[in-house]
Structure formats: structure tokens, C-alpha cells
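Residues per chain, in single letters:
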Amino acid sequence: MDDAKIDGMLASYDKNNLTVCTVCSHSSLQIFDGARKEGFKTLGISIGEKKKFYDAFPHGKPDEFFIVDDYKDILKQTDELKEKNVIVIPHGSFVEYLGAKNFLKLDLPTFGNRDVLLWESDRNKERKWLEGAGLVMPKEIKDPKKIDKPVIVKYHGAKGGKGFFVAKTYDEFVRRVKKNKSFIIQEFVMGTRYYLHYFYSPIQDNAYKLSKGSLQLLSMDRRDETTIDEVQRLGSIAELEELGIHPTFVVTGNIPIVMRESLLPKVFKMGEAVVEKSLDMFDGMVGSFCLETVVTEDLEFKVFEISARIVAGTNPYISGSPYSDLIEPGLSTGQRIAQEIKFANKKNLLSKILS
Ligand code: AMP
């Protein structure tokens, strides 16, 4: 990461008065709560209007709201935000709605290495990274005519899994696919889904040691997806599909989960491998990241995606998880992020964790 650039951005900052800032959405209640626990001021960027429901959650409500009409206005109002000494915490909605390209341009000190976006927002590069790290991904089917087992069709840029569908034959694919949209076809991996929430610190050596810094596992979840996860209340999927009712994969919530302990060594090996590869490729990702996996009946992990920031799946653990409690009782990912900023600030290492 570019130390001089960060030092430049922080030049006018009162470092004894940093403010943790994010957009009011996604995991912001947790981020504000965690920052407050570590003694930071908090600022919530709210799009359009101040969100009333924050009043109902005093610990999750930011100290101050900053209202903008549109995500793009954030790019224009960075001077005002800098006066408030803000450190931006990216989350899925923030990056998705501002757009990866704009997010890279945002002239504010931001937690994590933003270069990760160049690898993560392009499916080919993401595959190069994960497979290069030795992780197993679902096979990609380039020629739809070769569909000979269940596949999942994913549209580019589809928010929250919207529009994804499962096909078991070429005919079914042709019937369902929207030809005007670009998509990829992936083998549908049978198994159980685990979304693994890691935290990588390049500047602390107090956890699972890597070539530089150390790795923690803070929690894991399973996503609740409508309608696939409950469609069986109405009948079998095959039965419903005959009636033209197709399951969808739209994320609506998250369910806490733990994994059999014997799988944890593999979980750490995978986390280690993606971090080490990221260090080789783009100076390393920093902080929270999530591997989205399916565990097969042979107890092998297949990784279908990486999210290189706090994921909403950490929200069930605002007061700790079965894993983070073994690090520090009650620790959330939001609080862990705030701890990293606090530690880096104290040691004069902010340029190692911000971009
Ligand atoms: P994604 O947008 O890639 O995170 O996928 C949305 C959802 O589709 C996931 O949360 C899973 O439930 C499901 N999914 C994605 N890829 C696969 C796969 N290759 N095999 C089985 N299920 C998948």
C-alpha cells in the first residue's frame, strides 16, 4: 500500500480524535457499536434521510449522521468528512452501491487494501487468485451444451443473488436464461454451505501466524435465501418447477452456525492460502474477509466466492460468537476492526492497514 498517499490523506487529521464512519446499511449497527466500545466517535452516512430505526438501537446508532442525496455525493463531500477525521469502513452495500470504480477513487482513508477490489470484482481474476492459492472452486461450464449435471447460472452484477437459477439440462437452461444479460455457469455443488468470517492483521502476531502478521477466525454463518431455503414447505423443487415455480437465491438474512471441530484445520489452511497469495499479488488484503463455501459429503470445501470486507453474516455476533469468544468474550467483527485501527494508530502504523 502507498504509505505516502495515506500519510497525505491523514496529514490534516487529529489522530487523537478519529471517527469511525460508514454508510448506514448492511453491518453498520455492528460497526458503530464496535467502534464505540473501543472509544471512537462514530459517523453514519445516510442516503436520502436520517434512518429513523437507528433511534431504537442506542448502541448501534452513530453519534452523528451525515445526510447525502445519493451515494455519488459522498465523492464530492470528502473535504467535509476529512474535517471530521473519518476513517471509512467499507461494507458490501457501500461498495456495491457506490460502485467499485468510484470506491477506488474515494479520497478518504479507508480500512483495508482497496486494490483487492480489482481482483474481487472481476470473476476471472477472482478465480485466478483463489485457484492460484490452491483452493477448489466449483467448475465453470463454458459451453451450455455441455450441461450434464445441475448447474447454477449467475448473472453479472446481480445484487444479492437475484435472478440466479438452477438448471439440470441444456434445454432447461435455454428455457430460463435471459439472453440479454451476461452470466456464468457453474457446477451446482451439493453439500452444506458455510460462510467463514476471518480477520487478517498484517501488523499483529498474536493469532494463527502467517509469513507476515496473523489470522483469526471470528465466526461463521449460513445465509437465509428466499425462496430456495423454504420452498420445500410447498412441495419438492422438481414438483414446483413442473408448475413453473422456480426457486430464487435472494439473501434475506443470516443464521449462526458452528462447524465440526475437525474441519477447522482446513478452514485455517484456506484462509492462510488466500492471504499469502494476496500478499504476492497485490500487497495483501487487510482485515475482515469471508470465504463462501460448500462442504461436500467427502468433507471437502469448494469455495464459490470471496468477500474481502466485513460481511452481513457477522451480524448475528454483535455480542460475540462461539469462536470470537475464545479470543475475547463478546468480540464482534465490528469491534475487531476498531481494535485494529486503535492498535495501528498507537504504533504509528495506520498506513499499513488503510488505503
Ligand atoms: P453468490 O452470489 O455467488 O454468493 O451466490 C448466491 C447463492 O447461490 C449462494 O449463497 C449459494 O446459496 C448459492 N450458490 C452459489 N454458487 C453455488 C454453487 N456453485 N453451488 C451451489 N450453490 C451455490
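Whatever comes next refers back to the structure up there.
This part is about helix H12 (residues 333-346). In this model, H12 (14 residues) spans 20 Å end to end at C-alpha, consistent with the 20 Å of a helix rising 1.5 Å per residue. Sitting at the amino-terminal end of H12 is Ser 332, which places a side-chain oxygen 3.3 Å from the backbone nitrogen of Gly 334.

Next up on the list: the packing of aromatic side chains. Scanning the entire structure with this criterion turns up 14 aromatic pairs. The interplanar angle of 85° and the centroid separation of 5.8 Å between the aromatic rings of Tyr 54 and Phe 65 together place this pair among those described as edge-to-face. In this pair, Tyr 54 sits in the loop between strand E2 (41-47) and strand E3 (64-68) while Phe 65 sits in strand E3, placing the two residues 11 residues apart along the sequence. Judged by its relative accessible area of 1%, Tyr 54 is buried. Relative accessible area serves as the criterion here: at 16%, Phe 65 is assigned to the buried category. Positioned above the aromatic ring of Trp 119, the side-chain terminus of Lys 125 is 4.8 Å from the ring centre. The side chain of Lys 181 reaches across the aromatic face of Tyr 155, ending 5.1 Å from its centre.

This paragraph deals with the environment of Glu 272. Mapped onto the secondary structure, Glu 272 falls in helix H11 (residues 264-282). For Glu 272, a relative accessible area of 21% gives the class partly exposed. Taking the C-alpha atoms as reference points, Glu 272 and Gln 216, 56 residues apart in sequence, are found 9.9 Å from one another. Of the polar contacts made by the side chain of Glu 272, one reaches the side chain of Tyr 208; its length is 3.2 Å.

A few words now on the site of the ligand. Taken together, 16 residues lie near the ligand, and Lys 154, Val 189, Tyr 195, Glu 225 and Glu 305 sit nearest. Contact distances for the ligand include 2.4 Å between an oxygen atom and a side-chain N or O atom of Glu 225. Contacts to the ligand include Glu 305, whose side-chain N or O atom sits 2.7 Å from an oxygen atom. The protein chains hide 95% of the 480 Å² of surface that the ligand would expose on its own. Looking at side-chain class alone, the shell around the ligand contains eight nonpolar, one polar and seven charged residues.

Pairing is antiparallel across the open sheet formed by three strands, whose spatial order is E6-E5-E7. The open sheet is flanked by strand E6 (165-167) and strand E7 (183-187), the only strands paired with a single partner. Averaged over all pairs of adjacent strands, the angle between strand axes in this sheet comes to 30°, irrespective of strand direction.

Turning to the environment of Thr 22, a few remarks are in order. Here Thr 22 lies in strand E1 (residues 19-23). What makes Thr 22 buried here is its relative accessible area of 0%. Distance from Thr 22 to Gly 44, taken between C-alpha atoms, is 5.5 Å for residues 22 residues apart in sequence. Beyond its immediate sequence surroundings of up to four residues, Thr 22 is in contact with Ser 28, Ile 31, Phe 32, Leu 43, Gly 44, Ile 45, Ile 89, His 91 and Phe 94. Engagement of the side chain of Thr 22 in a polar contact is seen with the side chain of His 91, the distance being 3.4 Å.

Each value, and the rule that gives it
Residues numbered from 1 in each chain as written. Predicted model: local features only at pLDDT ≥ 70, side-chain atom pairs only at ≥ 80, totals over all residues. Heavy atoms only, no water. Helix = DSSP H or I, 4+ residues; strand = E, 2+ residues; numbered from the N terminus. Expected span 1.5 Å × (residues − 1). Polar contact = N/O pair within 3.5 Å; in protein donor to acceptor, adjacent residues only side chain to side chain. Phe/Tyr/Trp six-rings, centres within 6.5 Å; stacked < 30°, edge-to-face > 60°. Buried < 20%, exposed > 50% of the residue type's maximum accessible area, 1.4 Å probe, protein only. Lys NZ or Arg CZ within 6 Å of the ring centre and 35° of its normal. Near = heavy atom within 4 Å. Areas by Shrake-Rupley, 256 points an atom, 1.4 Å probe, with all protein chains shown as cover. Nonpolar A, V, L, I, M, F, W, Y, C, P; charged D, E, K, R; others polar. Pairing = 2+ DSSP bridges. Axes fitted to C-alpha atoms, helices over the stretch in contact; angles between N-to-C directions. Contact = heavy atoms within 4.5 Å.

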